[in-house]
Amino acid sequence: MSIHTYLKSLTAGVLGAAVAGLMATTAFAQTELTVYTAVEAEDLDKYAERFNEAHPDITINWVRDSTGIITAKLLAEKDNPQADVVWGLAATSLLLMKSEGMLEPYAPAGLDRLNDKFRDAAEPPYWTGMDAWVAAICVNTVEAENNGLPMPSSWEDLTDPVYQGHVAMPNPNSSGTGFLDVSSWLQLFGEDGGWDYMDRLHDNIAFYTHSGSKPCKDAARGEVPIGVSFAFRGAKSKADGAPLEIIIPTEGIGWDMEATAIVAGTDNLEAAQTLVDWSISEDANRMYNEGYAVIGITELAQPVEHFPEGITDAMIDNDFEWAAQNRERILAEWQSRYDEKSEPEG
């Protein structure tokens, strides 16, 4: 082969590779979705990786914070929405957004397999549920013994003066877990009884956190003997070796759903629908069940290690519509009564 022939062949090869590369780039052009979430930060990479196994052409750009912060951010952006999808936010927050006309109704593929509790009642629904996160009390058994604290078995037990300064719980203005605690106490004990209960509990509170998982994490580290938090975090910390007892109070437990919705006005509707389809799929539900005992497709649920027994029976008949409609009033009342013990916001 002459040098002229060789160079001609090489040029043709390079051009061919370039064209092939361009075609491949075109074929696998990425659609980017901005997804707001309150899912635990440590799980976000897993969620995106599992979704991309089925849909590698859609990139998820996460915006993550606590439930109260994400809810406030979405409401502030009502007239100029920045998110395409919300994947993993409290159903009570999505009900509020629905009432403000901020969600795109959509019936995802496989909707008929979801438990009826895990979907909005409208046809088509404005949101669909993923899993339930439920209230629980995390008790550090070592610190409880060191401080001579008996093991509590009820919400009422936590108002005993023996626990003064030994309890942490989330601020409901920034934490969805805090809000489900407060709204469930108001439903369990009635409005007057609920505020009376929280007045007495406040006497024993060491501090209020801005994260629903932090009271349990603090208890796991021994920074406070008792954390009012949620069962998922307690089970995970216990699996990591923390000396925790996870208590389901005898009066019943508040709960909320992590749920998914499309933000109205998105420029990426088709990709957003693809993500919502996957969010209620069998694969997604099995993924949720790696951490959460109660999931949207009930028949797929398997026991989760270290989760306390009897959770389903202990879940109160939560009135999500009432909680959503009264959310602003409840949060303002709570703020005026108890915020003095809140940790500084980070």
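Attention in this report is confined to the structure presented alongside it. (Residues numbered from 1 in each chain as written. Predicted model: local features only at pLDDT ≥ 70, side-chain atom pairs only at ≥ 80, totals over all residues. Heavy atoms only, no water.)

1. Details of the packing of helix 6 (residues 176–189) against helix 14 (residues 327–338)
- Across the interface, helix 6 lies against helix 14 with an axial gap of 11 Å and an inter-helix angle of 100 degrees. For the element pair helix 6 / helix 14, the angle class is roughly perpendicular. Contacts between helix 6 and helix 14 pair Phe179, Val182 and Leu186 from the former with Arg327, Ile330, Leu331 and Trp334 from the latter.
- Partitioned by chemical class, the residues of the contact of helix 6 with helix 14 number six nonpolar, no polar and one charged. (Axes fitted to C-alpha atoms, helices over the stretch in contact; angles between N-to-C directions. Helix = DSSP H or I, 4+ residues; strand = E, 2+ residues; numbered from the N terminus. Parallel < 35°, antiparallel > 145°, perpendicular 65-115°, else oblique. Contact = heavy atoms within 4.5 Å. Nonpolar A, V, L, I, M, F, W, Y, C, P; charged D, E, K, R; others polar.)

2. Observations regarding the packing of aromatic side chains
- For the coordinates displayed, the defined rule picks out 14 aromatic pairs.
- Residues Phe51 and Trp278 carry aromatic rings whose centres are separated by 5.9 Å and whose planes lie at 70 degrees to one another, so their mutual orientation is edge-to-face. Linking Phe51 in helix 2 (residues 44–54) with Trp278 in helix 10 (residues 269–279), this pair joins segments that are 227 residues apart in sequence.
- What makes Trp278 buried here is its relative accessible area of 7%. (Phe/Tyr/Trp six-rings, centres within 6.5 Å; stacked < 30°, edge-to-face > 60°. Buried < 20%, exposed > 50% of the residue type's maximum accessible area, 1.4 Å probe, protein only.)

3. Remarks on empty space enclosed by the protein
- Applying the stated criterion across every chain, the model contains four cavities of 30 Å³ or more.
- Considered as a void within the structure, the largest cavity measures approximately 190 Å³ in volume.
- Sorting the residues of the lining of the largest cavity by element identifies strand 3 (85–90) and helix 6 as the ones contributing at least two each.
- Its residues assigned to classes, the lining of the largest cavity shows six nonpolar, ten polar and three charged.
- Counted as a void, the second largest cavity has a volume near 60 Å³.
- The wall of the second largest cavity is formed by Thr67, Gly68, Ala90, Thr92, Ser93, Pro172, Ser175, Gly176, Phe179, Leu180, Asp256 and Arg327.
- Taken together, the elements giving at least two residues each to the lining of the second largest cavity come down to helix 3 (67–76), helix 4 (91–99) and helix 6.
- Taken together, the residues of the lining of the second largest cavity sort by class into four nonpolar, six polar and two charged. (1 Å grid on protein atoms, 1.4 Å probe; cavity = no way out; pocket = protein on both sides within 12 Å on 5 of 7 lines; lining within 4 Å. Points joined across faces, edges and corners; volume = space filled by probe spheres on them.)

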